[in-house]
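Analysis of the macromolecular model
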Amino acid sequence: MAEPRWLAETRDTYDTVAEDYARLLPDVAEPPLDRAVLTAFAETVGPDRPVLEVGCGTGRVTAHLRRLGLDVAGVDLSPGMVAVARRAHPELRFDVGSMTESVATDASLAGLVAWYSIIHLPPELLPEVFAGFHRALVPGGHLLLAVKAGDRVDRRARAYGHAVAYDVHWLSPERLTEQLTAAGLTVTATLLRAPVGAERQPQAFLFARRAGG
């Protein structure tokens, strides 16, 4: 079966920009509120519990979560990004993989983070992806999503100094809540933040939890 266009474009884009992405964003430089969200997630999950960041890119957020005390690994669609992550953070585990496939064995994760990574998925795939997240979490496990809030799609032709071709979806927190609930996850908090700096849209952070535990 032919590979979906969105998947090939996203992978090729991030393979192309990987080195310059790492040069321009060597570490977590998120606004204070965003860093507070990551800290709250880490404290909610608890120290040394297994966590996976899906769409980890160069591993900068993965490494930050490790500094916050989590037993964290990363997975990303782009082999180029994973190569950079492994080089920059050899103490952590990074694998190549897609969140549209199984990201972990069932009930193996205490936490799962998708930090601005589901924004590259066609929205019709999100229910299936969230069902996979539910399966991967232990009962009582926690999920954190970060997205660009809205209801539109941007076709990007340049990124990090390179000519590319990929889509960025702005996602409705209300619709995400409905989809997460349908997948068996309970949304425990939603935070909407105004644009900062060059951002053109609000940002949304959703905390969800698998029942039990």
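The shown structure was predicted, so the numbers you read here are calculated from the model rather than taken from an experiment.

Focus: unusual backbone geometry
- Residue Tyr116 is not a glycine yet carries a positive backbone phi of 55 degrees.
- Along the polypeptide, Tyr116 turns up in the loop between β4 (109–115) and α5 (126–136).
- For Tyr116, a relative accessible area of 18% corresponds to the buried category.
- Backbone geometry places Tyr160, a non-glycine residue, at a positive phi of 50 degrees.
- Relative to the helices and strands, Tyr160 is located in the loop between β6 (152–159) and β7 (162–170).

Focus: the environment of Ala204
- Its place among the elements puts Ala204 in strand β9 (residues 203–210).
- Along the backbone, Ala204 and Gly150 are 54 residues apart, and their C-alpha atoms lie at a distance of 9.2 Å.
- Among all residues touching Ala204, those that are not within four sequence positions of it are Leu145, Ala146, Val147, Ala149, Pro173, Leu191 and Leu192.

Re the packing of helix α1 (residues 5–24) against helix α4 (residues 79–88)
- Where α1 meets α4, the closest approach of the two axes is 7 Å, and the angle between their N-to-C directions is 30 degrees. In this view, α1 runs roughly parallel relative to α4, as classed from their interaxial angle. Counted together, Arg11, Tyr14, Asp15, Val17, Ala18, Glu19, Tyr21 and Ala22 of α1 and Pro79, Gly80, Met81, Val84 and Arg87 of α4 form the full contact between these two elements.
- By residue class, the composition of the contact of α1 with α4 is 8 nonpolar, 1 polar and 4 charged.

The rules behind these values
- Residues numbered from 1 in each chain as written.
- Predicted model: local features only at pLDDT ≥ 70, side-chain atom pairs only at ≥ 80, totals over all residues.
- Heavy atoms only, no water.
- Helix = DSSP H or I, 4+ residues; strand = E, 2+ residues; numbered from the N terminus.
- Buried < 20%, exposed > 50% of the residue type's maximum accessible area, 1.4 Å probe, protein only.
- Contact = heavy atoms within 4.5 Å.
- Axes fitted to C-alpha atoms, helices over the stretch in contact; angles between N-to-C directions.
- Parallel < 35°, antiparallel > 145°, perpendicular 65-115°, else oblique.
- Nonpolar A, V, L, I, M, F, W, Y, C, P; charged D, E, K, R; others polar.

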